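Remarks on the overall topology
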Amino acid sequence: MDHQGCNKPSNQAVLDFVAKVAKLTTPDQVFWIDGSEAEKQSLYDQAVADGILMKLNQEKLPGCYYGRSNPNDVARVEQLTFICTPTREEAGPTNNWAAPAEMHTKLNGLLAGCMKGRTMYVIPYLMGPAGSPLTKVGIEITDSIMVVLNMRIMARIGALAYKHLGGGDDFNRGIHSMLDINPERRFIVHFPQENTIVSVGSNYGGNVLLGKKCLALRIGSYLGRNEGWMAEHMLLLCVENPQGKKAYVAAAFPSACGKTNFAMMIPPAHFNGWKITTIGDDIAWMRPGPDGRLYAINPEAGYFGVAPGTNYKSNPNAMKTIAKDTIYTNVALTEDLDVWWEGKDGPVPAKLTDWKGNPWTPASTEKAAHPNSRFTAPMANNPVLASEVEAAAGVPISAIIFGGRRASTMPLVMEAFSWSHGVYLGASMGSEMTAAAVGGAGQVRRDPMAMLPFAGYDMGEYFGHWLQMGKALKFAPQIYHVNWFRKDKDGNFMWPGFGENMRVLKWVVERCEGTAGAYETPVGRMPLPCEFDVEGLDGFTKESFEAVQKIDKEEWKKELLLQTEFFLTLNRTLPKELVFERELLASRIS
Ligand code: GTP
Ligand code: SPV
Ligand code: MN
């Protein structure tokens, strides 16, 4: 039955796991992925031959391929995502829960014989740089060649994973089957105690690239709490000032709220000598180092980024990153097999094929690209990739930034008074929902630390872990809150955003250095208007800055009610520090 027997590992626990899943799912053959270049090309050729991928215009986009997902399968499905801990309380009120034994029975029923007539691929992968003490090993079994080709960009795959694992059995067990890609038979299920993930019925993104949200965030956050580290939905970047001094910043924004953009930002022209390099754009694993600082790694090896809105003005580094060796999913196609999406550079093409495969013209009422269409690109393509991305020890974090997508209330930037106030800012975060998850786009919901869909255990306990980590650090990062998305009464964004966010970042790092001033408001510390740099910003004046920073107490009283309402749902385990922080906020805005 083995197709590529020579790549079979010697690790008995891996062999047993694969044999058990093969017995259940009865594939025609088992394909042991080795991660080599030769294997990569043969898999792409196979995917093209099977009509799963299309080769794009190789002159314009060398090494790039195009795929469409089933229109019923275009984003994460939070309502079908489960955390199966022994008790419901461990999963907490923000997660769907089912008893592990019952869920296994149900999933085994769906998996029985499901790979008949298909190839079962075994993907060994690492989350984290080889040799890092934070790095974890995963084995993903899948019947989807799309998953294999995406995973080989998003994670470090192949023999290095077996090497890292050695003879042990400390690896995440991931089982994925597309089944018939039917939402009726779609479940994304985590068994934290068993370090196991089972995903069925989808073939898209975070539902199926099991190293990403499932392992690196949901299982990761659970392991992090037990092992004394943190798994967070955060970008990681390095800011270098004109004197060559580097600072490392982590930022948590909810899905499709600007992490990829911020991580690859190019400072505006007059920020001569300032340089941003990217460590990660979606996930950070962080733990206290021997010097009492917080150290972070990016466990991923690629970017699964939102295509719409990406252009040479908003994110030139992303455009360069996705110019080769990239898989595009659910974008539109031009007549010469180039890709297109809403918000791409240049005029709107007169004729396109839309993400569903239908003819499209500018007169069409539907979008040409799905709003959650994405690119999968190797981080090695990023022209501003930080060399520190391979650092086994990670990088020491100076600042943590939280941010949501809020049309009102929240100022452009504020600094927390303390670690516990910073944890409060993260815990009470709200954001408008986006196309990254199915349902409810545009509604403001609480998305604490941008982790609502990703915390693998009780949210109150998760806040407690944050407070605990603050105590474990001698030099805890300073915490900030930003909002790039405040709108004026006409519905226009009040802040230009993108590269101009450098102005906010500069204040943040200079605060951490102790060289920038601040003043205290009821909700946090803010940049002195006389110090905040607005030079060279077209039409954005000191008054515009005051407007985007404005604290409206009436709005804040409503905001506090929403925060309180959310905290009530977490009542059982909400740490008392956060109750006190809320009381302090209430008294300051009264
Ligand atoms: P996930 O990959 O889903 O976790 O999201 P992300 O946080 O990496 O999102 P990304 O950077 O891809 O942002 C997606 C959306 O935010 C796009 O529509 C961008 O145009 C928009 N965006 C990013 N930065 C800014 C900004 O500074 N201002 C404004 N107005 N929009 C922004
Ligand atoms: C997100 O939704 O936060 C993503 C995309 O980063 S996915 O990997 O599909 O979850
Ligand atoms: Mn994300």
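The structure this text deals with has already been given above.
Only a predicted model underlies this, so the values are computations on that prediction, with no experimental measurement involved.

Definitions and cut-offs
- Residues numbered from 1 in each chain as written.
- Chains lettered and ligands numbered in written order.
- Predicted model: local features only at pLDDT ≥ 70, side-chain atom pairs only at ≥ 80, totals over all residues.
- Heavy atoms only, no water.
- Helix = DSSP H or I, 4+ residues; strand = E, 2+ residues; numbered from the N terminus.
- Rg over C-alpha atoms; globule rule 2.2 N^0.38 Å.
- Buried < 20%, exposed > 50% of the residue type's maximum accessible area, 1.4 Å probe, protein only.
- Areas by Shrake-Rupley, 256 points an atom, 1.4 Å probe, with all protein chains shown as cover.
- Lys, Arg positive; Asp, Glu negative; His and termini not counted.
- Charge placed at Lys NZ, Arg CZ, Asp CG, Glu CD.
- Near = heavy atom within 4 Å.
- Polar contact = N/O pair within 3.5 Å; in protein donor to acceptor, adjacent residues only side chain to side chain.
- Nonpolar A, V, L, I, M, F, W, Y, C, P; charged D, E, K, R; others polar.
- Phe/Tyr/Trp six-rings, centres within 6.5 Å; stacked < 30°, edge-to-face > 60°.

**Quick notes on the overall build of the protein**
Looking only at helices and strands, the protein has 15 helices and 30 strands in total. Over its C-alpha atoms the protein spans a radius of gyration of 23 Å, differing by no more than 12% from the 25 Å that the globule rule assigns to 590 residues. Here the protein, with 590 residues, has 61% of them falling under the buried criterion. Carbon together with sulfur atoms contributes 53% to the accessible area of the protein, which is approximately 22100 Å² in total. Seen as two clouds, the 59 positive and the 63 negative side-chain charges of the protein have centres 1 Å apart.

**Some thoughts on the site of ligand 2**
In the neighbourhood of ligand 2, the contacting residues comprise Arg76, Gly205, Gly206, Lys212, Lys213, His233, Ser255, Asp282, Phe304, Arg374, Ala436 and Phe454. For ligand 2, an oxygen atom lies 2.8 Å from a polar atom in the backbone of Gly206. Contact distances for ligand 2 include 2.4 Å between an oxygen atom and a side-chain N or O atom of Ser255. In the complex, 98% of the free accessible area of ligand 2, which totals 290 Å², lies under the protein chains. For the shell around ligand 2, the class distribution of residues is 3 nonpolar, 4 polar and 5 charged.

**Some words on the packing of aromatic side chains**
Counted under the stated rule, the structure contains 24 aromatic pairs. Note on Phe485 and Phe493: the rings are 5.9 Å apart at their centroids and 70° apart in plane angle, and the pair reads as edge-to-face. With a relative accessible area of 12%, Phe485 lands in the buried category. On the basis of relative accessibility, which here comes to 47%, the residue Phe493 falls in the partly exposed class.

**Looking at the site of ligand 1**
Close to ligand 1 lie 20 residues, the nearest being Ala256, Lys259, Thr260, Arg374 and Phe498. Between an oxygen atom of ligand 1 and a side-chain N or O atom of Asn501, the distance comes to 2.9 Å. Within the complex, the protein chains bury 90% of what would otherwise be the 660 Å² of accessible surface of ligand 1. At the level of elements, helix H8 (259-263) and strand E17 (302-306) are the ones that each hand at least two residues to the shell around ligand 1. Examining the composition of the shell around ligand 1, we find that 3 residues originate from one element, H8, more than from any other.

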